[in-house]
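Here is how the chains run, residue by residue.
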Amino acid sequence: MNPQLQQTADYIRAEFERDSTGHDWWHIYRVWQMARKIALLEKADVEIVEFSALLHDLDDWKLSPSSGGEPRRAAAWLRQIGATPAESEKILAIVRRVSFKGAGVADEMPSLEGQIVQDADRLDAMGAIGISRAFAYGGHAGRSLYDPAEAPVLHQAFEQYQSSRGHTINHFYEKLLLLKGRLHTASAQKIAARRHAFMEEFLEHFFEEWRAEDAEALIS
Ligand code: ADP
Ligand code: NI
């Protein structure tokens, strides 16, 4: 492996080791590996994809609210390892745009490399792992599992999405179920189908249990 890439992986691993918001090292690791696989399939610049995947959450608005969306730490790190200004700019342009900002907020991701990193990040928010991460994040943010009085809201602006305080089941409607339709690459779309179906099945079971319909069906 390229030594700078290994150094970056070690740095990020140390930074994210103790996170419990669903942005732990293993999230970064999965996104990195998935992005690498997709990059090979889609014939993208694998190195740009790998660096961007490793750095994508370092300055996240939820984790570092003071960053104002500008990836300062990622920029400082790239300078430190001697990346050229051209490489840095490509990577930082991706890192700046990768995050989901609300149902009605369009994604602007011009490079194929960026589209791949965004797809890999989104795949990790879907399926069994996505469900686990949503409840881990919800617990961290002090949110309830579900409240039947509170209907899902689709946010039309980033500020609205950012300040949303809804229950975690709501998050499936405000983000997770929308991800399948917001992937860029054909490779990611294929992987997403099974993960999406599993989330739908999970929700069906959740509401069935909530209404105790499973009990009725089993007892009668
Ligand atoms: P992105 O990678 O698009 O920036 P986030 O950083 O918003 O994604 O989310 C990280 C993880 O936390 C994801 O699995 C996401 O679904 C979950 N998450 C984010 N916001 C919420 C929320 N309000 N409720 C539950 N889970 C959330
Ligand atoms: Ni991420």
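Preceding this section is the structure that the text describes.
Thoughts on the pattern of salt bridges
Side chains that differ in sign of charge can pair as their charged atoms come close. Counting across every chain of the model gives ten salt bridges. As a salt-bridge pair, R13 and E17 come within 3.7 Å of each other at their nearest N and O atoms. Taking the shortest distance from any N to any O, the salt bridge between R133 and D124 comes out at 3.5 Å. In this structure R133 comes out as buried when scored by relative accessible area, which is 15%.

Looking at the coordination of the nickel ion (ligand 2)
Coordination of the nickel ion (ligand 2) by the protein involves H27 (NE2), H56 (NE2), D57 (OD) and D121 (OD), with metal-donor separations of 2.1 to 2.4 Å. Angles of 82 to 172° at the metal separate the four donor atoms of the nickel ion (ligand 2), which places the site in the irregular class. Along the chain, the residues donating to the nickel ion (ligand 2) fall in the pattern H-x28-H-D-x63-D. The same class applies to H56 as to D57, namely buried.

Description of helix α5 (residues 85–97)
The end-to-end C-alpha distance of α5 is 18 Å, a good match for the 18 Å that 13 residues give at a rise of 1.5 Å each. The inward-facing, buried residues of α5 contact α3 (46–55), α4 (72–80) and α6 (112–123).

Considerations on the packing of aromatic side chains
Scanning the model with the defined rule gives 15 aromatic pairs in all. A centroid spacing of 4.1 Å and a plane angle of 15° characterise the contact between Y11 and W77, whose relative ring orientation is stacked. On the criterion of sequence distance, the pair formed by Y11 in helix α1 (residues 3–16) and W77 in helix α4 is long-range, its members being 66 residues apart. Exposure remark for W77: the relative accessible area of 8% places this residue in the buried category. Ring geometry for F172 against F202: centres 5.7 Å apart, planes inclined by 20°, an arrangement best described as stacked. One end of the pair, F172, is in helix α9 (residues 168–174); the other, F202, is in helix α10 (residues 186–210), and 30 residues separate them in sequence. Note on F172: relative accessible area 0%, which makes it buried.

Remarks on the packing of α3 against α6
With their axes 9 Å apart at the nearest point, α3 and α6 run at an angle of 40° to one another. Considered as vectors, α3 and α6 are oriented oblique to each other. As α3 runs across α6, the sense of the crossing is right-handed. Only E113, I116 and V117 of α6 make contact with α3, whose side of the interface consists of I48, V49, S52 and A53. When grouped by side-chain class, the residues that make up the contact of α3 with α6 number five nonpolar, one polar and one charged.

About the criteria used
Residues numbered from 1 in each chain as written. Chains lettered and ligands numbered in written order. Predicted model: local features only at pLDDT ≥ 70, side-chain atom pairs only at ≥ 80, totals over all residues. Heavy atoms only, no water. Salt bridge = Lys/Arg side-chain N within 4 Å of Asp/Glu carboxyl O. Buried < 20%, exposed > 50% of the residue type's maximum accessible area, 1.4 Å probe, protein only. Donors = N, O, S within 2.8 Å, 3.2 Å for Na, K, Ca; no water. Tetrahedral: all angles 85-135°; square planar, octahedral: opposite > 155°, others 65-115°. Helix = DSSP H or I, 4+ residues; strand = E, 2+ residues; numbered from the N terminus. Expected span 1.5 Å × (residues − 1). Contact = heavy atoms within 4.5 Å. Phe/Tyr/Trp six-rings, centres within 6.5 Å; stacked < 30°, edge-to-face > 60°. Axes fitted to C-alpha atoms, helices over the stretch in contact; angles between N-to-C directions. Parallel < 35°, antiparallel > 145°, perpendicular 65-115°, else oblique. Left-handed = near helix turned anticlockwise from the far one by under 90°. Nonpolar A, V, L, I, M, F, W, Y, C, P; charged D, E, K, R; others polar.

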